[in-house]
Amino acid sequence: PRGSPVPGGSPDVRVPRATLPPSGSPFMMDLSPFNGDADSDDSSSYISSPERLRNMANSPDQLHNALEVGTPRAALAARPPAISPRTSPRRLPAAGLAGCVMGGLLADQPLRAQRSSTVTEAQVQRAFGVDSMEVSLARSDIALHKRRLGPDSGFWDWNWRDYAVEEQHHELQKCSHSLAEILSEDDWSFFAYELLLLVHNWLGERDPALEHIAAVMPICRVSLRINMALHHRLAELTLPDDSQRYSPFDVRFRAALLLRSWMRAEDACFDLGTGGGAEAQWTVAWIRRQLAVLKGSVLIRAHTLHRGEKHSARSLCASVLQSLRQLDELATLGSWGSLPEQGQAAGTDGRRLLVDIMSDLDALRPSTGDWPFHTIIAAKVFSQLWRTATDEEAEDRLSLDAPVVAAALLSGLHPHLGTVPLQLETHGVLLAQQLWLALSSGKCCGATPSVGLSLPTKALSVAADVLSDFSRWLQDQELPVNTAAFFARKEAETGNVYGEEAAEIIARRLLTVELRDGLVQALTDYRRHLEPEAFPPTLQLWKGSQRAVQRSELLVQATSAEDVASA
């Protein structure tokens, strides 16, 4: 109606009907006063001429007078100095979502200064005080061999504990910002399945990898214990639509999905499943999963920029972490998609927080290309997915669908995941780790080895073959893909070869603790756990597991003793 009040403003402030957008078009303003004929002499045609308008650019007073004369309708009333916290951005006049995303009425709200806290600052202080991965990896090697090799000491008096202690895995987790532990094992499985859904949606119909991905998805649902109801919920929350402008494998895509889920939760016509029951729990878990992945990715990216003397990354990191923490609280309390209560700070508006996060993420992005997930995240995802290639009931612990799984992971997901694609040897290490868990889980070589139970010889031989020469094993499977094409350009795609190698070795060390510790226990008491014919493949598997986590000579030379000592 004519003269309707401005939401959140004074009752006597009214907006003329002529300035409101047409019905059904919240982003279209009525610009008819400025569409005059260029040949007419009125002021509206005068200001509609680009040449004349440029001539008046240096005369603001004349331009203001021309606008007043040329606009036959009442001007828009001045915006109130403050907007009520209870007012949703989509209910604001003539702005709606555009006012939130495109910098409209909410652009000048002082939110950034309010988004830091003591907890966030302390967290950023700890995160930015860690050493680089190359230095931490060198220190891990020093700790592993310290006081072990010398004239008065050796391996014969080594009081062994486990690799997590001897290799100082707490330092490796610290330098990688605990990326391998940001999610629980179940959440990692769901996150890996979400990436499979995105790959299946991303590939074209003529892409040969699409057939492999489609064949492996039912296998993954069974192996990862994902029922059809959960599958449909994950697909609804994860698959993109036309509102996301990022690649599905870009870190910022997760923030865009969270913004879409918030908007759907605000709208009553969408059932986001936040009311109660299993679907509500799945939705909240999905939201918190995306927030955790964003947190880890922002920490490691901002730390990388900070080491490059870009100190503004620190303030951006603190701002994003504070917003992520607030959003996590909203999701935990069941307030996702809810408007802030009367009297609460404007920073509790989730939509505003998400828009600010997306702006900060754009500032933190790499200078060229997309923002891919870190190497450790990629290794953790593949570690979960290689589990689908194992079968605890099979004699060799390999599933009959192992070739299909290998073809899908290497041709479908591998090219799109990671700062650079993982090395072929890393996939072999991860598959060998899953084979070991399948052949030893609950039987022996764990925290409490079972007496009298021996490890299966054939499964040990298969794991040793996979770890020693994974490319040969792939050839024996007769895969319908050219795996060599996916691993030939690793060094050409990155400028920090040593940093990527260090990250990949750290991922191998963190994700193969059960394999290496179990082999040590089995060889320590080999008469109990190994048949005579199983001893050679077990030794081969042990040597391969040690070789896979060693630094190359180039990385050792690149990390000098002075760098380690100064750090």
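Here's a quick rundown of the structure. (Residues numbered from 1 in each chain as written. Predicted model: local features only at pLDDT ≥ 70, side-chain atom pairs only at ≥ 80, totals over all residues. Heavy atoms only, no water.)

1. Here we look at the overall build of the chain
Phase 1: In terms of regular secondary structure, the chain is built from 26 helices and two strands.
Phase 2: For the chain, with 567 residues in total, the buried portion stands at 50%.
Phase 3: Contacts in the chain between residues far apart in sequence, at least 24 positions, make up 75% of those at least 6 positions apart.
Phase 4: In the structure as shown, the chain presents an accessible area of about 27,700 Å², 51% of it carried by carbon and sulfur atoms. (Helix = DSSP H or I, 4+ residues; strand = E, 2+ residues; numbered from the N terminus. Buried < 20%, exposed > 50% of the residue type's maximum accessible area, 1.4 Å probe, protein only. Contact = heavy atoms within 4.5 Å. Areas by Shrake-Rupley, 256 points an atom, 1.4 Å probe, with all protein chains shown as cover.)

2. Notes on the packing of aromatic side chains
Phase 1: Taken as a whole and judged by the stated rule, the model has seven aromatic pairs.
Phase 2: Taking the centre distance of 6.0 Å and the plane angle of 80° together, the rings of Trp188 and Phe191 count as edge-to-face. Taken as a pair, Trp188 and Phe191 lie in helix 9 (residues 185-202) at a separation of three residues, close to a single helical turn.
Phase 3: Judged by its relative accessible area of 0%, Trp188 falls in the buried class.
Phase 4: Here Phe191 falls in the buried class, since its relative accessible area comes to 0%.
Phase 5: Residues Trp386 and Phe470 carry aromatic rings whose centres are separated by 6.0 Å and whose planes lie at 85° to one another, so their mutual orientation is edge-to-face. Taken together, the positions of Trp386 in the loop between helix 16 (375-385) and helix 17 (402-413) and Phe470 in helix 20 (residues 470-476) put the pair 84 residues apart, joining distant regions of the chain.
Phase 6: Among the aromatic residues, those joined into a cluster by ring pairs are Trp188, Phe191 and Phe373.
Phase 7: Lying over the aromatic face of Phe128, Arg314 brings its terminal NZ or CZ to 5.5 Å of the ring centre. (Phe/Tyr/Trp six-rings, centres within 6.5 Å; stacked < 30°, edge-to-face > 60°. Lys NZ or Arg CZ within 6 Å of the ring centre and 35° of its normal.)

3. Some words on the nonpolar core
Phase 1: Of all hydrophobic cores here, the largest spans 130 residues; its most connected members are Phe191, Val381, Leu385, Trp386, Leu413 and Leu541.
Phase 2: For this core, the leading source of residues is helix 13 (residues 278-307), giving 11 residues.
Phase 3: Every residue in contact with Leu541, bar those within four places of it in the chain, is listed here: Trp436, Leu460, Ala463, Ala464, Leu467, Leu515 and Leu519. (Core = buried A, V, L, I, M, F, W, Y, C linked by side-chain atoms within 4.5 Å.)

4. Describing the side chain of Ser297
Phase 1: Note on placement: Ser297 falls in helix 13.
Phase 2: From its side chain, Ser297 meets the backbone oxygen of Val293 in a polar contact 2.9 Å long.
Phase 3: Once residues lying within four places of it in the same chain are set aside, the contact partners of Ser297 are Leu179, Val251, Trp371, Phe373 and Ile377. (Polar contact = N/O pair within 3.5 Å; in protein donor to acceptor, adjacent residues only side chain to side chain.)

5. Section: the pattern of salt bridges
Phase 1: Applying the stated criterion across every chain, the model contains 21 salt bridges.
Phase 2: For the salt bridge of Glu167 with Arg516, the shortest nitrogen-to-oxygen distance reads 2.7 Å. Of the two residues, Glu167 sits in the loop between helix 7 (163-166) and helix 8 (169-175) while Arg516 sits in helix 22 (residues 513-524), which places them 349 residues apart along the sequence. Across the pair, exposure class does not vary: Glu167 and Arg516 are buried alike.
Phase 3: In this structure, Arg351 engages Glu266 in a salt bridge whose closest nitrogen and oxygen atoms are separated by 2.5 Å. With a gap of 85 residues between them, Arg351 in helix 15 (residues 350-364) and Glu266 in helix 12 (residues 251-266) connect regions that are remote in the sequence. The same class applies to Arg351 and to Glu266, which are both buried.
Phase 4: Among the charged side chains, a salt-bridge network with shared partners connects Asp187, Glu194, Arg254 and Arg289. (Salt bridge = Lys/Arg side-chain N within 4 Å of Asp/Glu carboxyl O.)

6. Observations regarding helix 19 (residues 457-468)
Phase 1: In this model helix 19 runs 16 Å from its N-terminal to its C-terminal C-alpha over 12 residues, within 8% of the 16 Å that 1.5 Å per residue would give.
Phase 2: Looking only at helix 19, the buried set comprises Ala459, Leu460, Val462, Ala463, Ala464, Val466 and Leu467.
Phase 3: At its buried positions, helix 19 is contacted by helix 18 (424-440), helix 20 and helix 24 (535-548). (Expected span 1.5 Å × (residues − 1).)

7. Regarding unusual backbone geometry
Phase 1: The backbone of Gln168 shows a phi angle near 55°, a positive value even though the residue is not glycine.
Phase 2: On the secondary structure map, Gln168 appears in the loop between helix 7 and helix 8.
Phase 3: The phi dihedral of Arg397 is positive, around 65°, even though this residue is not glycine.
Phase 4: With respect to the helices, strands and loops of the structure, Arg397 is situated in the loop between helix 16 and helix 17.
Phase 5: Residue Arg397 is classed as buried on the basis of its relative accessible area of 10%.

8. Regarding the environment of Gly499
Phase 1: Along the polypeptide, Gly499 turns up in helix 21 (residues 497-511).
Phase 2: Separated by 364 residues in the primary sequence, Gly499 and Val135 have C-alpha atoms spaced 10.0 Å apart.

9. Some points on helix 14 (residues 312-332)
Phase 1: The end-to-end C-alpha distance of helix 14 is 31 Å, a good match for the 30 Å that 21 residues give at a rise of 1.5 Å each.
Phase 2: Within two residues after helix 14, Gly334 carries a phi angle of roughly 75°, on the positive side.

10. A look at the packing of helix 14 against helix 15
Phase 1: As a packed pair, helix 14 and helix 15 sit with axes 10 Å apart at the nearest point and diverge in direction by 150°. Comparing the axis directions of helix 14 and helix 15 gives the class roughly antiparallel. Regarding helix 14 and helix 15, the two cross each other, and that crossing is left-handed. On helix 15, the residues touching Ala313, Leu316, Ser319, Val320, Ser323, Leu324, Gln326, Leu327 and Leu330 of helix 14 are Gly350, Leu353, Leu354, Ile357, Asp360, Ala363 and Leu364.
Phase 2: Looking at the contact of helix 14 with helix 15 residue by residue, the classes come out as 11 nonpolar, four polar and one charged. (Axes fitted to C-alpha atoms, helices over the stretch in contact; angles between N-to-C directions. Parallel < 35°, antiparallel > 145°, perpendicular 65-115°, else oblique. Left-handed = near helix turned anticlockwise from the far one by under 90°. Nonpolar A, V, L, I, M, F, W, Y, C, P; charged D, E, K, R; others polar.)

11. Some points on the environment of Leu294
Phase 1: Residue position: Leu294 is located in helix 13.
Phase 2: Relative accessible area serves as the criterion here: at 2%, Leu294 is assigned to the buried category.
Phase 3: Filtering out sequence-adjacent residues up to four positions away, Leu294 remains in contact with Val251, Arg254, Ala255, Leu258, Leu324 and Leu361.

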